[in-house]
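# Analysis of the macromolecular model
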Amino acid sequence: MKIICVGLNYHDHNKEMNRAPSSEEDDPVLFMKPDTALLSGDKNDFYIPDFSSEIHYEAELVIKINKVGKNIAERFAHRYYEEISLGIDFTARDIQAELKKKSLPWEISKAFDNSAVVGRFVHKDLYVKPINNLDFRLEINGKTVQSGNTSGMIHPVDKIIAYASRFFTLKTGDLIFTGTPAGVGRVAIGNNLVGSIENDQLFEVKIC
């Protein structure tokens, strides 16, 4: 399986990171994580790696692909996933900043081991609201640090699937991280992170 991630997909996050605004007319920004980045399940420990002193959380809706697809039309994209979850795209922000200054690829700041937390998957029809209008949040030690709604995506889920399938054959079990809203920040040893969609807790991660 592969992990496809979308960057720059919420206006409020782009603003907080001092990035140029994106629009629906722009193509989605994609990057990849290997399967070794996956940290999945209801409860997990995340160990801060020794190569970074500034690991940031980024909570994101995650889609699981349920069948093989290539060059998928956007109007048919909803047929290629049934399960969703919430995840964290952990980022070594200090490394990423240095690489960006040098105009170098920044995979090592995003794709390192255990950098892709994925919670318990649930059927997309579990919620009365459509996938493009779901509330989600991330709490640290009981305090909400990120709160978003999928309606805030610049590129909605079906468009992301259609676009990604132009370049990559999507296979059963592939995961798509759909971008993060504002509120990203640094984690510290002892933090307890809890992620929820529509008040349904899907993961808990302890920072070690």
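These notes cover the structure that comes with them. Along every chain, residues carry numbers that run from 1 in the direction the sequence is written. The model is predicted, so local features are restricted to residues of pLDDT at least 70 and side-chain atom pairs to those at 80 or more, both for listing and for counting; the totals for chains, interfaces and linings are taken over all residues. Excluding hydrogens and water, the side-chain figures rest on all heavy atoms present in the structure.

### So, the sheet that holds strand β14 (residues 185-186)
Selection criterion: The pairing criterion for strands is at least two bridges between them, as found by DSSP. We count a stretch as a helix when DSSP gives it H or I for four or more residues in a row; a strand needs E for two or more, and each element gets its number in order from the N terminus.
Spatially, three strands are ordered β8-β5-β14 in an open sheet, and the strand pairing comes out antiparallel. This sheet does not close on itself; its edge strands, each paired only once, are β8 (91-92) and β14. Sheet topology note: the strand β5 (residues 55-57)/β8 ladder contains two bridges and is antiparallel. The residue bridging I55 from the neighbouring strand is A92, located in β8.

### Let's talk about unusual backbone geometry
Note: most peptide bonds trans; most residues except glycine with negative phi. Inclusion rule: Partly exposed residues are those whose accessible area sits between 20% and 50% of the maximum for their type, while under 20% is buried and over 50% is exposed, using a 1.4 Å probe and protein chains only.
Within the chain, N71 stands out as a residue other than glycine whose phi angle is a positive 50°. With respect to the helices, strands and loops of the structure, N71 is situated in the loop between β6 (59-65) and β7 (81-89). Of note in the backbone geometry, E198 takes a positive phi value of approximately 50° without being a glycine. Within the secondary structure layout, E198 lies in the loop between β15 (192-197) and β16 (200-207). Judged by its relative accessible area of 24%, E198 is partly exposed.

### Let's talk about the nonpolar core
Threshold: As used here, the term nonpolar core means buried Ala, Val, Leu, Ile, Met, Phe, Trp, Tyr and Cys residues forming a set that is joined through side-chain atoms within 4.5 Å. By the convention used here, residues are in contact when the closest approach between their heavy atoms is within 4.5 Å.
Formed by 45 residues in total, the largest nonpolar core has its most connected members in I63, I84, F90, I161, L193 and I197. The contact partners of L193, leaving out residues within four places of it in the chain, are Y57, I88, F90, L138, E139, I140, V187, F203, E204, V205 and I207. Formed by nine residues, the second largest nonpolar core is a distinct cluster that contains V62, A116, V118 and L175.

### Points about a negative patch on the surface
Selection criterion: Every patch collects residues that have over 30% relative accessible area and no salt bridge, joining them within 9 Å if they carry like charges and within 5 Å if they are nonpolar side chains (Val, Leu, Ile, Met, Phe, Trp, Tyr). To be clear on the numbers: accessible area is Shrake-Rupley with a 1.4 Å probe, and residue cover counts the displayed protein chains and nothing else. Salt-bridge detection follows one rule: a side-chain nitrogen of Lys or Arg within 4 Å of a carboxyl oxygen of Asp or Glu. We treat Lys and Arg as the positive residues and Asp and Glu as the negative residues; His and chain ends play no part in the count. Charge positions are represented by NZ for Lys, CZ for Arg, CG for Asp and CD for Glu.
Among the surface-exposed residues, E24, E25, D26 and D27 lie close enough to one another that they form a single negatively charged patch. Overall, D26 belongs to the partly exposed group, its relative accessible area being 36%.

### Points about the packing of aromatic side chains
Convention followed: The pairing test for Phe, Tyr and Trp rings, Trp by its six-membered ring, is centres within 6.5 Å, and the orientation test on the planes gives stacked under 30 degrees, edge-to-face over 60, and tilted for anything in between. Each ring is checked for a lysine NZ or an arginine CZ that lies within 6 Å of its centre and within 35 degrees of its normal; such an atom marks a charge sitting over the ring.
Evaluated as defined, the whole model comprises six aromatic pairs. Ring centres 4.1 Å apart and planes at 25° place the aromatic pair F46 and F90 in the stacked group. With F46 in strand β4 (residues 43-46) and F90 in the loop between β7 and β8, this pair connects stretches of sequence that are 44 residues apart. Accessibility expressed as a relative area gives 1% for F46, which makes it buried. A residue is classified by how much of its surface remains accessible, and F90, at 0% relative accessible area, is buried. With 5.5 Å between their ring centres and 75° between their planes, F51 and F112 make a pair best called edge-to-face. Taken as a pair, F51 in the loop between β4 and β5 and F112 in the loop between α3 (107-110) and β9 (116-118) lie far apart in primary sequence, 61 residues in all. We classify F112 as buried; its relative accessible area is 8%. Among the aromatic side chains, those forming a connected cluster through ring pairs are Y163, F167 and F168. Taking the ring centre of F121 as reference, the NZ or CZ of K64 above it sits at 4.3 Å.

### So, helix α2 (residues 93-101)
What counts, and what does not: Note that the arc is defined by the directions from the helix axis to the C-beta atoms.
When we look at burial in α2, the residues that qualify are R93, I95, Q96 and L99. Axial view of α2: buried residues confined to an arc of 160°, hence all on one face. Here the buried face of α2 lies against β5, β8 and α3. Looking one or two residues beyond α2, the residue adopting positive phi is S103, at roughly 55°.

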